[in-house]
There are 2 protein chains.
Amino acid sequence: MPSAAVDEIIDVLRAAGERITTAKRALVSELLGSTAHVTAEELIERVQKVHPDVNKSTIYRILHSLEAHGIVEHVHLGHSAAVYHLSGKTHHHLVCESCGRVQEVPEATLAAIARKLRHDFGFSANLRHFAISGHCETCG
Amino acid sequence: MPSAAVDEIIDVLRAAGERITTAKRALVSELLGSTAHVTAEELIERVQKVHPDVNKSTIYRILHSLEAHGIVEHVHLGHSAAVYHLSGKTHHHLVCESCGRVQEVPEATLAAIARKLRHDFGFSANLRHFAISGHCETCG
DNA sequence: CTCGCTGCAAAGCTTTTGCACTAGA
DNA sequence: TCTAGTGCAAAAGCTTTGCAGCGAG
């Protein structure tokens, strides 16, 4: 919705030599209007509510392009579809295997382990890509 | 292969009231004979090499049952098929997003973070279920 | 003899792809 | 104009399911 924010992202694509289309503008707008944890299917639905002709393969293709430009990321919360969000809002996800509850924890919480993995194994971990599975307080 | 080990697992199933079938015995045997990181498809292939009539849905069903009894676990290393292994061999997986290399790290490496998550959020993390994504030393 | 297990085929679900057409620059 | 982007339909990849028959106990 915030048109200025949309333009900011669209400009990145333009600068990269991409053509600016209705579908791209619409998708970026929905991404900005979404709180978090949106599946591709939900995005398709929302975009199609405004532009019914936009096809799902187009959404997937644009999502890939946005990822390639570092604008969005996708996260696997569990066995079902991946969820997408803008790269800015970075946090980790604790997903309860019993009740499915998703708890967000600030990036700093896991900074120590990322540091350790880099130091001990030379591995730059992206602890956001896959959620952290487990059991929440209530489910034991 | 080690028939004694097979029997040990089979006995767990028997004790749980399950019927012991050729497919179960064969699958357990293959699991014991596999080093690690076996996909369902690979297991199907190996079992069928000995018992060509065993169907893939049977393998999937048995794998579920073995998981329910805590005998095997499955891990998601990336976007492709899950890999299975016996619950005993617990370690974490660092998967390079660039070259796909899988590096195993001992469970103790991440013990601190599990403790922190439990203390701060009451969350019992199973850091094995999803691999840790990132970039390995050589890929930067 | 009973009912849990299995084979088979088909479907489910998410994501990708080939191809011809459309429209952005 | 020129070709990146798109719509459509179909397929791919992994896993699940319905159903009828088989076989373990």
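Residues numbered from 1 in each chain as written. Chains lettered and ligands numbered in written order. Predicted model: local features only at pLDDT ≥ 70, side-chain atom pairs only at ≥ 80, totals over all residues. Heavy atoms only, no water.

A short note on the domain arrangement of chain A
Residues and elements named next belong to chain A.
- Split by domain assignment, chain A resolves into domain 1 (3-86) and domain 2 (91-134).
- The C-alpha-based centres of domain 1 and domain 2 are spaced at 24 Å.
- Opposite the seven residues of domain 1 that make contact, domain 2 presents nine residues.
- For the domain 1 face of the interface with domain 2, the top three residues by lost area are His37, His76 and Leu77, together amounting to 58%. (Domains from an automatic or database assignment. Contact = heavy atoms within 4.5 Å. Buried area = accessible area lost by both parts, 1.4 Å probe.)

Description of the nonpolar core
- Counting 26 residues, the largest nonpolar core has A:Ile132 and B:Ile132 as its most contacted members.
- Those residues in contact with B:Ile132 that lie beyond four places of it in its chain are A:Leu117, A:Phe123, A:Ala125, A:Leu127, B:His93, B:Leu94, B:Val95 and B:Leu110. (Core = buried A, V, L, I, M, F, W, Y, C linked by side-chain atoms within 4.5 Å. Buried < 20%, exposed > 50% of the residue type's maximum accessible area, 1.4 Å probe, protein only.)

Considering the pairing of strand β2 (residues 72-75) of chain B
All names here are of chain B.
- Side-chain alternation along β2 places Val72 and His74 on one buried face and Glu73 and Val75 on a second face that is also buried.
- For β2 and strand β3 (residues 83-86), the ladder comprises four bridges, and the chain directions are antiparallel. Residue His74 lies in a different strand from β3, and its bridge partner there is Tyr84. (Helix = DSSP H or I, 4+ residues; strand = E, 2+ residues; numbered from the N terminus. Pairing = 2+ DSSP bridges.)

Notes on the sheet that holds strand β3 (residues 83-86) of chain A
Residues and elements named next belong to chain A.
- Pairing in this open sheet of three strands is antiparallel, and the strands run β1-β3-β2 from one edge to the other. Edge strands, defined here as strands with exactly one partner in the open sheet, are β1 (38-39) and β2 (72-75).
- Where helix α4 (residues 56-68) meets the sheet, it contacts β2 and β3, and its direction lies at approximately 110 degrees from that of β2. (Axes fitted to C-alpha atoms, helices over the stretch in contact; angles between N-to-C directions.)

Points about the pattern of salt bridges
Residues and elements named next belong to chain A.
- If you walk through the whole model with that rule in mind, you get 12 salt bridges over all chains.
- Measuring nitrogen to oxygen at the nearest pair gives 2.7 Å for the salt bridge that ties Glu73 to Arg128. Of the two residues, Glu73 sits in strand β2 while Arg128 sits in the loop between β6 (124-126) and β7 (132-135), which places them 55 residues apart along the sequence.
- Judged by its relative accessible area of 16%, Arg128 falls in the buried class. (Salt bridge = Lys/Arg side-chain N within 4 Å of Asp/Glu carboxyl O.)

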